[in-house]
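Reading the structure
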Amino acid sequence: MGGFLMSKPNRRCPICNYKKSQKIYAQKFANNLKHIISSCERCKFVFVSNAPDQKYYNLYYKNMSKYEHERDELLHEKYCEIIASFCKTDAKILDVGCSTGNLLYQIKK
């Protein structure tokens, strides 16, 4: 999966833009992908401080994903129906562990 650049190892906090953070944990994935989980020293937000760019994630999920069903439009339509039965139209939804983000895209549509 070469050819895609990782972001700077010390990414600024995505919430307050502070540049100092403290490493909490190193999370390892397949294909030598490793996320450095850090906490902002100012606002305490926890984030991946060495996140690859989006092109890297796109290629990673295309080649390494165990979520082949993510491309299944009919399945996502069914999920959207279930979610709609519990949520108002203007609800804010957070999908933790959203893989490719396709379900959120379908919900937005």
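Going by the structure above, here's the rest.
Roughly 230 Å³ of volume is contained in the second largest pocket. Residue lining of the second largest pocket: Arg-11, Pro-14, His-35, Ile-37, Phe-45, Val-46, Phe-47, Val-48, Ala-51 and Tyr-57, and that is the complete set. Where the lining of the second largest pocket is concerned, the elements lending two or more residues are β2 (34-40) and β3 (46-48). Tallying contributions element by element places β3 first for the lining of the second largest pocket, with three residues. Residue composition of the lining of the second largest pocket, by class: eight nonpolar, one polar and one charged.

With that settled, the discussion passes to the packing of aromatic side chains. When we look at a pair of aromatic rings, we describe it by the centre distance and by the angle of the planes. A full pass over the atoms with the stated rule returns three aromatic pairs. Note on Tyr-56 and Tyr-57: the rings are 6.5 Å apart at their centroids and 80° apart in plane angle, and the pair reads as edge-to-face. Tyr-56 sits in the buried class, given a relative accessible area of 7%. Taking the centre distance of 6.4 Å and the plane angle of 20° together, the rings of Tyr-56 and Tyr-60 count as stacked. Placement of both Tyr-56 and Tyr-60 in helix α1 (residues 54-64) is noted, with a separation of four residues, approximately one turn of the helix. Each of the two residues, Tyr-56 as well as Tyr-60, counts as buried.

What follows concerns the side chain of Ser-39. Locating Ser-39 in the fold gives a position in strand β2. Apart from residues lying up to four places away in sequence, Ser-39 is in contact with Ser-21, Gln-22, Ile-24, Lys-44, Phe-45, Val-46 and Phe-47.

Bringing the sheet that holds β2 into the picture now. Strand order in this open sheet of three strands is β1-β2-β3, and the pairing throughout is antiparallel. The sheet is open, and its two borders are formed by β1 (21-28) and β3, each paired with just one other strand. Taken over all neighbouring pairs, the strand axes of this sheet differ in orientation by 30° on average, direction set aside. Inspection of the sheet shows β1 paired to β2 by seven bridges, in the antiparallel sense. Looking at β2, one finds that Gln-22 is bridged to Ser-39.

Taken together, Ile-24, Tyr-25 and Val-46 make up a surface patch of nonpolar side chains, about 310 Å² in accessible area. Counting through the fold element by element, Tyr-25 comes out in strand β1.

With that out of the way, let us pick up the pairing of β1. Taking burial as the measure, the eight residues of β1 include zero buried ones, a minor fraction of the element. The turn joining β1 and β2, which pair antiparallel and follow one another in sequence, is formed by five residues; a positive phi near 60° is taken by Asn-31.

Conventions and cut-offs
Residues numbered from 1 in each chain as written. Predicted model: local features only at pLDDT ≥ 70, side-chain atom pairs only at ≥ 80, totals over all residues. Heavy atoms only, no water. 1 Å grid on protein atoms, 1.4 Å probe; cavity = no way out; pocket = protein on both sides within 12 Å on 5 of 7 lines; lining within 4 Å. Points joined across faces, edges and corners; volume = space filled by probe spheres on them. Helix = DSSP H or I, 4+ residues; strand = E, 2+ residues; numbered from the N terminus. Nonpolar A, V, L, I, M, F, W, Y, C, P; charged D, E, K, R; others polar. Phe/Tyr/Trp six-rings, centres within 6.5 Å; stacked < 30°, edge-to-face > 60°. Buried < 20%, exposed > 50% of the residue type's maximum accessible area, 1.4 Å probe, protein only. Contact = heavy atoms within 4.5 Å. Pairing = 2+ DSSP bridges. Axes fitted to C-alpha atoms, helices over the stretch in contact; angles between N-to-C directions. Patch = residues over 30% accessible without salt bridge, like charges linked within 9 Å, V, L, I, M, F, W, Y side chains within 5 Å. Areas by Shrake-Rupley, 256 points an atom, 1.4 Å probe, with all protein chains shown as cover. Salt bridge = Lys/Arg side-chain N within 4 Å of Asp/Glu carboxyl O.

Such coordinate-based values are descriptive only and should not be taken to indicate function.
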